[in-house]
Amino acid sequence: MKVTLKVLLAAAIVVLAYLCYKSITGPIEFNDTKEARDKAIIARLMDIRKVQIEYKNVHKTHAGSFDDLIKFLKEEKLPTVIKEGVLTDEQLEKGMTEKKAVAMVEKAEKTGNWSEVEKNGLKGFKRDTVWVLAKDTLLGKDYDVEAIRYVPDAPQQVEFHMDTATLKSGSGYEIKVFVCEVPFDQYLNDLDPQLEFNLKDKAEKQGKYPGLRVGSLEEINNNAGNWE
């Protein structure tokens, strides 16, 4: 009997020690994991914002779906200026600008008279516009555009929620806006449920979105992220 009590007591001590250990390390592990996932998700949201801004520059409205956004990246081209040569401080002080320099060089190319170009020290100065795939220009040639819709490092495959709207500014102008977001419970649901609930509850009590978000459908915020 005494042996059994000693075994039970020893087991209870071990369990208590483990629970004390987890009560200390649990929140630390939770925060470390959350921070790593947040970092990856924020990077992806910033990529989406970059593409949405350029999509709007081209189409005058934001992409309403990831299918439209991916099609834009894979099929459409954007102008990119290839630069050769730079203006010196002396040239700038004399009133030379890139626009004037380009016009001078273009005139010389048409007439074959390069004396003015050489006189102004613009030999080798060149600006060419080439058209490059939107993906290559905005995200890089090796970027996996098909993955842009998915939340990185989530415990299961989940897509960001994205939507668009038109709001009126205080002066009455119509402003196109978009939002892209993911709630905590979609990318932290494999961690301590109580800590995840506390995080969500705190955000909701503060009137904040319980997750990571870029843009807004409720206010004109210049496409800001809620981590900024």
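Look above for the structure.
Residues numbered from 1 in each chain as written. Predicted model: local features only at pLDDT ≥ 70, side-chain atom pairs only at ≥ 80, totals over all residues. Heavy atoms only, no water.

A.B. asks: Before we go on, may I ask you to explain the overall build of the protein chain in this structure?
C.D. replies: What the protein chain contains, in helices and strands, is eight helices and five strands. Taken from N to C terminus, the helices and strands of the protein chain fall in the order α-α-β-α-α-α-β-α-β-β-α-α-β. The buried share of the protein chain, reckoned over its 228 residues, is 32%. Sequence-distant contacts in the protein chain: of pairs separated by 6 or more residues, those separated by 24 or more amount to 64%. As presented, the protein chain carries roughly 14,800 Å² of accessible surface, and 54% of it is formed by carbon and sulfur atoms. (Helix = DSSP H or I, 4+ residues; strand = E, 2+ residues; numbered from the N terminus. Buried < 20%, exposed > 50% of the residue type's maximum accessible area, 1.4 Å probe, protein only. Contact = heavy atoms within 4.5 Å. Areas by Shrake-Rupley, 256 points an atom, 1.4 Å probe, with all protein chains shown as cover.)

A.B. asks: Looking at this model, I keep getting lost on the packing of aromatic side chains. Mind explaining?
C.D. replies: Describing an aromatic ring pair means giving the distance of the ring centres and the angle of the ring planes. Inspection of the entire model under this criterion finds two aromatic pairs. Relative to Phe72, the ring of Tyr55 has its centre 5.1 Å away and its plane inclined at 70 degrees; by these criteria the two rings are edge-to-face. Residue Tyr55 is located in helix H1 (residues 2-59), and its partner Phe72 is located in helix H2 (residues 66-75); the two are separated by 17 residues in the primary sequence. Of the residues examined, Tyr55 reaches a relative accessible area of 10% and is grouped as buried. A relative accessible area of 1% places Phe72 in the buried class. Residues Phe184 and Tyr187 carry aromatic rings whose centres are separated by 6.2 Å and whose planes lie at 55 degrees to one another, so their mutual orientation is tilted. (Phe/Tyr/Trp six-rings, centres within 6.5 Å; stacked < 30°, edge-to-face > 60°.)

A.B. asks: Sorry if this is basic, but what is going on with the side chain of Arg127 here?
C.D. replies: Relative to the assigned elements, Arg127 resides in strand E2 (residues 126-133). At 2.9 Å, the side chain of Arg127 and the backbone oxygen of Gly85 are in polar contact. Reaching out from Arg127, the side chain makes a polar contact with the side chain of Glu98 at a distance of 2.9 Å. With sequence-adjacent residues up to four places away left out, Arg127 is seen in contact with Val81, Ile82, Lys83, Glu84, Gly85, Val86, Glu98 and Val102. (Polar contact = N/O pair within 3.5 Å; in protein donor to acceptor, adjacent residues only side chain to side chain.)

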